[in-house]
Amino acid sequence: MEAGTATVASPGTIRRALGRIGNAQSLGVVLALAVLVTVIGTFHPDFLAKRSVTNVISAAASSGIIALGMVFLLSMREIVGSVGSLFAVALNAIAVLIEGGMDPWIAVAIGLAVGVVLGFINGVLSTSLGIATIIITLGTLSMYRGLALVITGGQAVGVPPEAAESSFFTIFGGKLFDIPASVYVFVALSLILALVYGRTRYGYVVRAIGSNPEAARLSGISVGRYKLITLSLVGLLCAVSAALTLGELQAGDPTVGTGYELLAIAAAIIGGTALSGGSGSVVGAALGALAISVISSGLIFFGVTASWGVFATGAMIIVAVSIDRLVRARQARYGPS
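Residues numbered from 1 in each chain as written. Predicted model: local features only at pLDDT ≥ 70, side-chain atom pairs only at ≥ 80, totals over all residues. Heavy atoms only, no water.

**Concerning the packing of helix α13 (residues 260–270) against helix α14 (residues 282–301)**
No. 1: Put simply, α13 and α14 touch, their axes get as near as 7 Å, and they point 120° apart. It follows that α13 is oblique to α14 by the angle criterion. With respect to the hand of their crossing, α13 and α14 are arranged in right-handed fashion. On α14, the residues that touch Leu263, Ala266, Ala267, Ala268 and Ile270 of α13 are Gly284, Ala285, Gly288, Ala289 and Ile292.
No. 2: Across the contact of α13 with α14, the residue classes break down as 8 nonpolar, 2 polar and no charged. (Axes fitted to C-alpha atoms, helices over the stretch in contact; angles between N-to-C directions. Helix = DSSP H or I, 4+ residues; strand = E, 2+ residues; numbered from the N terminus. Parallel < 35°, antiparallel > 145°, perpendicular 65-115°, else oblique. Left-handed = near helix turned anticlockwise from the far one by under 90°. Contact = heavy atoms within 4.5 Å. Nonpolar A, V, L, I, M, F, W, Y, C, P; charged D, E, K, R; others polar.)

**Brief notes about the layout of surface pockets**
No. 1: Counted as a void, the second largest pocket has a volume near 490 Å³.
No. 2: Lining the second largest pocket are 22 residues, with Ala59, Leu263, Ile292, Ser293 and Ser296 positioned closest to its centre.
No. 3: Going through the elements one at a time, α3 (50–75), α13, α14 and α15 (307–334) are the ones with two or more residues in the lining of the second largest pocket.
No. 4: Considered class by class, the residues forming the lining of the second largest pocket number 12 nonpolar, 10 polar and no charged. (1 Å grid on protein atoms, 1.4 Å probe; cavity = no way out; pocket = protein on both sides within 12 Å on 5 of 7 lines; lining within 4 Å. Points joined across faces, edges and corners; volume = space filled by probe spheres on them.)

**Considerations on the environment of Gly69**
No. 1: On the secondary structure map, Gly69 appears in helix α3.
No. 2: Judged by relative accessible area, Gly69 falls into the buried class, the value being 0%.
No. 3: Separated by 161 residues in the primary sequence, Gly69 and Thr230 have C-alpha atoms spaced 7.6 Å apart.
No. 4: With near-sequence residues (within four places) excluded, Gly69 lies in contact with Val234 and Leu237. (Buried < 20%, exposed > 50% of the residue type's maximum accessible area, 1.4 Å probe, protein only.)

**Quick word on the packing of aromatic side chains**
No. 1: One pass over the structure, following the stated rule, counts 10 aromatic pairs.
No. 2: Taking 5.4 Å as the distance between ring centres and 90° as the angle between the ring planes, the aromatic pair formed by Phe47 and Phe301 counts as edge-to-face. Separated by 254 residues along the polypeptide, Phe47 in the loop between α2 (11–43) and α3 and Phe301 in helix α14 bring together distant segments of the chain.
No. 3: Ring centres of Trp105 and Phe172 lie 6.0 Å apart, and the angle between their planes is 70°; on these two criteria the pair is classed as edge-to-face. Taken as a pair, Trp105 in helix α5 (residues 104–129) and Phe172 in helix α8 (residues 167–172) lie far apart in primary sequence, 67 residues in all.
No. 4: In this structure Trp105 comes out as partly exposed when scored by relative accessible area, which is 37%. (Phe/Tyr/Trp six-rings, centres within 6.5 Å; stacked < 30°, edge-to-face > 60°.)

**Some thoughts on a nonpolar patch on the surface**
No. 1: The grouping of Leu129, Ile131, Ile134, Ile135 and Leu138 at the surface amounts to a nonpolar patch, some 420 Å² of accessible area in total.
No. 2: The dominant element in the nonpolar patch, judged by the number of residues it contributes, is helix α6 (residues 133–152), at 3 residues.
No. 3: Considering the arrangement of structural elements, one finds Ile134 in helix α6.
No. 4: Classification of Ile134 as partly exposed rests on a relative accessible area of 31%. (Patch = residues over 30% accessible without salt bridge, like charges linked within 9 Å, V, L, I, M, F, W, Y side chains within 5 Å. Areas by Shrake-Rupley, 256 points an atom, 1.4 Å probe, with all protein chains shown as cover. Salt bridge = Lys/Arg side-chain N within 4 Å of Asp/Glu carboxyl O.)

**Focus on α13**
No. 1: α13 sits mainly inside the fold: 9 of its 11 residues count as buried.
No. 2: When α13 is considered as a whole, its buried residues turn out to be Tyr260, Glu261, Ala264, Ile265, Ala266, Ala267, Ala268, Ile269 and Ile270.
No. 3: After α13 finishes, the residue Gly272 shows a positive phi value of roughly 110°.

**Some details on the packing of helix α9 (residues 181–199) against α14**
The geometry of a pair of packed helices is captured by two quantities: the angle between their axes and the separation between those axes.
No. 1: The geometry of α9 relative to α14 is characterised by a closest axis approach of 8 Å and an angle of 150° between their N-to-C directions. It follows from the interaxial angle that α9 and α14 lie roughly antiparallel. The residues of α14 that touch α9, namely those facing Phe186, Ser190, Leu193, Ala194 and Tyr197, are Val282, Val283, Ala286 and Ala289.
No. 2: Grouping the amino acids of the contact of α9 with α14 by side-chain chemistry returns 8 nonpolar, 1 polar and no charged.

Listed below in structure tokens is the structure:
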């Protein structure tokens, strides 16, 4: 016991070490973004126009907000595979309620609650059945997508003109200094959740569980309870992203959010969150979402079909995971640099 105790670092030491890792990972994504923007802008100067840059950041916000929550989940060695379908249910639930005459603010509040409940259901099924979250959510991916189809009747749902004049759509469907409201929310959530991840007990426990789940259990941490909390957080972020998307589009569609699972996971991994758990970067995930959006937009500028964007995203995941594995193998052999 004494030998084992001597090897345990203090929480403060662990936090400082994780902070240094997170900063390095974020810096790497920033440098990659700088190279991407420079290369694309050199061949296509219009890419650097204010409108184009705003569109790129706005496109990153939808999946990026979800990726922020994915950091917490991946840090616990868990993956959720139904965020796109959950996003669709929340968005369409809000749209249907507004179409039915409900005040948009109340409809949005209900939509956020729906997101939390569906995320909580993912957690309950996983913890109660003792099955990995990724397996459970492969099932709820279809279930939730089917639910989106049911509540909309398989049809697009438009917001009535009188409802579109609500302050909700004025605020979250509008722009400030020509920048969509979703971008401001994305930035604010990135900063807030970065503080939660790095500076609160919740964030520390999430990382501790991912570093060593068995040790976390033996130390008295309720792993199941924290899984429920984190999956509920992911559900809430899906609903927030859905509400912002509805604010901009003013219409619902049961097919929205398809592929968001890949985008959110990719953004988190590219931003430095380890699949092996225990460490991650919320800011890095936000930058990862931006990098994916830059690449997708850049391909269009080069005349490449949008379908190749999915290919590029998958390739980026492989590269990011490979680099992470090499760095960790080096650290295990030679120690941190």
